[in-house]
Amino acid sequence: MKPSDNKPVAERKLISRIDELLFSKADLWKDHPIVITTVVLAALVQCGLLTSLRINRARRRRTEQALLASEERYRNVVESQPDMVCRFLADTTLTFVNEAYCRFMGRSRKELIGRKFVELIPPQWHRQVLETVSSLISKREAIHEEHEVLLPGGRAAWHHWENYPIVNQDGAVQEYQGIGQDITTRKRMEELTRDLMHSSRLTLLGELTASIGHEINQPLGAILSNADAAELLLEQDPMPVDEIRRVIADIRKDDLRANEIIHRIRAFLSKREANLVPVDLNEMARDVVQLVESEARERKVVIEADFTRGIPPVLGDRVQLQQVLLNFILNGMDAMDAASANQRRIIVKTAVFGPEMAQFSVSDNGHGIPKDKLPRIFESFFTTKKEGMGLGLAITESIAEVHRGSVSAENNPGKGATFRFTLPTAHASNGERQAPGMASNGE
Amino acid sequence: MNPATPIVHVVDDDESFRLAVGRLLRADGYRVQTYPSGSDFLIAGCRHGPGCVLLDVKMPGSDGLELQTALASGELSLPIIFISGRSNIPIAVRALKAGAVDFLTKPVRRQVLLNAVNQAFVEDASRRARDEELAGLRACYASLSPREHDVFAQVITGRLNKQIAAELGASERTIKAHRAHIMEKMRVNSVAELVHIADRLLAASTQ
């Protein structure tokens, strides 16, 4: 018997009721299996949902935080870039700018977002910039360009930009991105270098010409006055023959003196502290081409480099060789001044020349060298240019002598001329002088 | 040759040019003396006679321009023609500003040289004439007695004899006599000329 037997009837009824419910589950189950299953399942699912909801919320919070942290990190990367980063639409409206952009443009983010950046650019660059943007639409690849920008206060700066389209999942272009640098300093340096090149070339030659002139004018002055004197003496009656003879002897002496002075000057020019060491022709040529790049661009000249790999080093004075190459290139550019702007091409070539020599050459497609002037082109003070001083190529010849090499010029079969500078390789100069045709190293 | 014939003094360290130019000028009938340096020229002491100096600018020793300054301050005022192998504009300007007759460049054409030399001789002659005249005036003035000096000073202010007499405490007649003597000794006919002479004497003494 159950312990509840001693309780009052109501209680006993309740308890038996509960007993029924509790211990009659099996009956309930037999009678309403589906309902019970559904209710139990529902209860379970609800519990599960509640739990997972709680878990999810926690996870989502962690994910959000992680996302925020990640976004923060990337934003910092973009914002702390020394380069300018911006995004814009096809009509150049700015949709995003990073901190560097604001800083370099001297304007706040508020002043920039929503503004068309073409307004910040001087008018002469508008066409180029707009063409770049429209090319981006069709080409879908990065485009580099350089242009000036207007800073508040009226100053201008130079920018270099790499622009590319941002393509979404459907392959459509919605925005463009640009990454830029301020290259004002570089541009100024280029300008300075160009000026320096010009002025030092002129100053050096100008000074040379002045002192050469002064030295030579002494004997020339004596010669002229002697000639004038002789003319007068010839008219005297009786004619002072002995004195006239003396005058003529003096004239001869002064002529030789003048010649001596020119020799001295040429020797001085060529012996200019030449420091002969092994030099990589390609490296030397590359440096010169780089130096002259901006000048070439300004004069709309295309310089092509055709460097042969693996040329053995030559024995030479690097600075003097650079001067020669620079002179060739500048002469070539001068020769093309009259040619139309998209025709100007200069080819700088390096090559091996025979078993023991190497050569660098510069070809242009300018007006060439007049045939009758060609034999004299390396003479001192010979020039075909109105403003030329005629010393550049003469100095080149002196440098060739010092390097035990040679310099030559010829007209191209087509248009223009080619100047070549040939010199022995370091190996050849070190070893014993070999007769041409003899194999070296027993090969 | 007549000591009054002007001499061209050629000062140049370049021997052949010195020789050649000397020859040319002599053949043209000029009197020439040549010197290898400025100091040689100064030592020779020929600077007082008529003539001019043909001076090379770039010389060791006395630099051409310095020599010019030295010559000008040392009471030697022979006109100077500069010549140089360099045509250096700043130097030329300095030289011309300092009163050089001309600045020539080597090689120099005969006619250009001769024109410069003739110009220099003309300048030298007129300066000598002026100097001589001034010396004459000074001598005349010095020949006046002290009293006449006093009267002279008064006359050129335009005062009448009566006023001068009162000022100097003499009779009008005495003053009138002094005035006449002064005019005679100074070789003038009017007070205006006297004033002019006084101005010149004053100007010369303050230089």
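About the criteria used
- Residues numbered from 1 in each chain as written.
- Chains lettered and ligands numbered in written order.
- Predicted model: local features only at pLDDT ≥ 70, side-chain atom pairs only at ≥ 80, totals over all residues.
- Contact = placed C-beta atoms within 7 Å.
- Helix = DSSP H or I, 4+ residues; strand = E, 2+ residues; numbered from the N terminus.
- Nonpolar A, V, L, I, M, F, W, Y, C, P; charged D, E, K, R; others polar.
- Pairing = 2+ DSSP bridges.
- Axes fitted to C-alpha atoms, helices over the stretch in contact; angles between N-to-C directions.
- pLDDT = per-residue confidence, 0-100.
- Buried ≥ 20, exposed ≤ 12 C-beta atoms within 10 Å, placed from the backbone.
- Core = buried A, V, L, I, M, F, W, Y, C linked by C-beta atoms within 7 Å.

A. Spatial organisation of the interface of chain B and chain A. Chain B puts 16 residues into the contact, and the matching count from chain A is 20 residues. Broken down by element, the side of chain B that touches chain A gets its largest block of residues, 8 residues, from helix H1 (residues 15-27) of chain B. Counted by class, the side of chain B that touches chain A contains 8 nonpolar, 2 polar and 6 charged residues.

B. Broad picture of the sheet that holds strand E1 (residues 7-11) of chain B. All names here are of chain B. The sheet built from 5 strands is open, its strands ordered E2-E1-E3-E4-E5 with parallel pairing. Only two strands of the sheet have a single partner each, and these edge strands are strand E2 (31-35) and strand E5 (102-105). Sheet twist, expressed as the mean angle between neighbouring strand axes with direction ignored, is 20°. As paired elements, E1 and strand E3 (residues 51-56) share 5 bridges and run parallel to each other. Looking across to E3, one finds that valine 8 is bridged to cysteine 52.

C. Up close: the sheet that holds strand E11 (residues 406-411) of chain A. All names here are of chain A. Judged by pairing direction, the sheet is mixed, and its 5 strands sit side by side in the order E7-E9-E10-E12-E11 without closing on themselves. Of all the strands in the sheet, just strand E7 (302-307) and E11 have a single pairing partner and so form its edges. Each strand of the sheet is rotated relative to its neighbour by a mean of 15°, with strand direction disregarded. Note: strand E10 (residues 357-364) against strand E12 (residues 417-424), 7 bridges, orientation antiparallel. Paired with methionine 357 across the two strands is proline 424, which belongs to E12.

D. Quick peek at the confidence of the model for chain A. Scored by pLDDT, chain A comes out at a mean of 81, with 80% of its residues at no less than 70. Every residue in residues 431-443 of chain A scores below 50 in pLDDT, and together they form 2 contacts with partners more than four places removed in sequence or on other chains.

E. Focus on the pairing of E3 of chain B. Residues and elements named next belong to chain B. Most of E3 is tucked away: 6 of the 6 residues are buried. Burial along E3 is two-sided: Gly51, Val53 and Leu55 facing one way and Cys52, Leu54 and Asp56 facing the other are all buried. When E3 meets strand E4 (residues 80-84), the two strands line up parallel, connected through 4 bridges. Following the sheet pairing, leucine 55 is matched in E4 by phenylalanine 82.

F. Structural detail: the environment of phenylalanine 419 of chain A. All names here are of chain A. Its location among the elements puts phenylalanine 419 in strand E12. Remark: the alpha-carbon pair of phenylalanine 419 and glycine 332, spanning 87 residues in sequence, is separated by 8.9 Å. Discounting residues that sit within four places of it in the chain, phenylalanine 419 has contacts with Phe328, Ser361, Val362 and Ala409.

G. Structural context of the nonpolar core. Residues Ile81 and Phe82 of chain B are the most contacted members of the largest nonpolar core, which totals 40 residues. Of all the secondary-structure elements, those providing two or more residues to this core are helix H7 (184-234) and helix H8 (241-270) of chain A together with E1, H1, E3, E4, E5 and helix H5 (110-142) of chain B. Ranked by the residues each element gives to this core, the list is headed by H1 of chain B, at 7 residues. The contacts of isoleucine 81 of chain B, once residues within four sequence positions are left out, are Cys52, Val53, Leu54, Leu55, Ala100, Val101, Asp102, Leu104, Ala116, Val117 and Ala120 of chain B. The next biggest cluster of nonpolar side chains, apart from the first, holds 34 residues, and it includes Ile303, Ile346, Leu393 and Ala417 of chain A.

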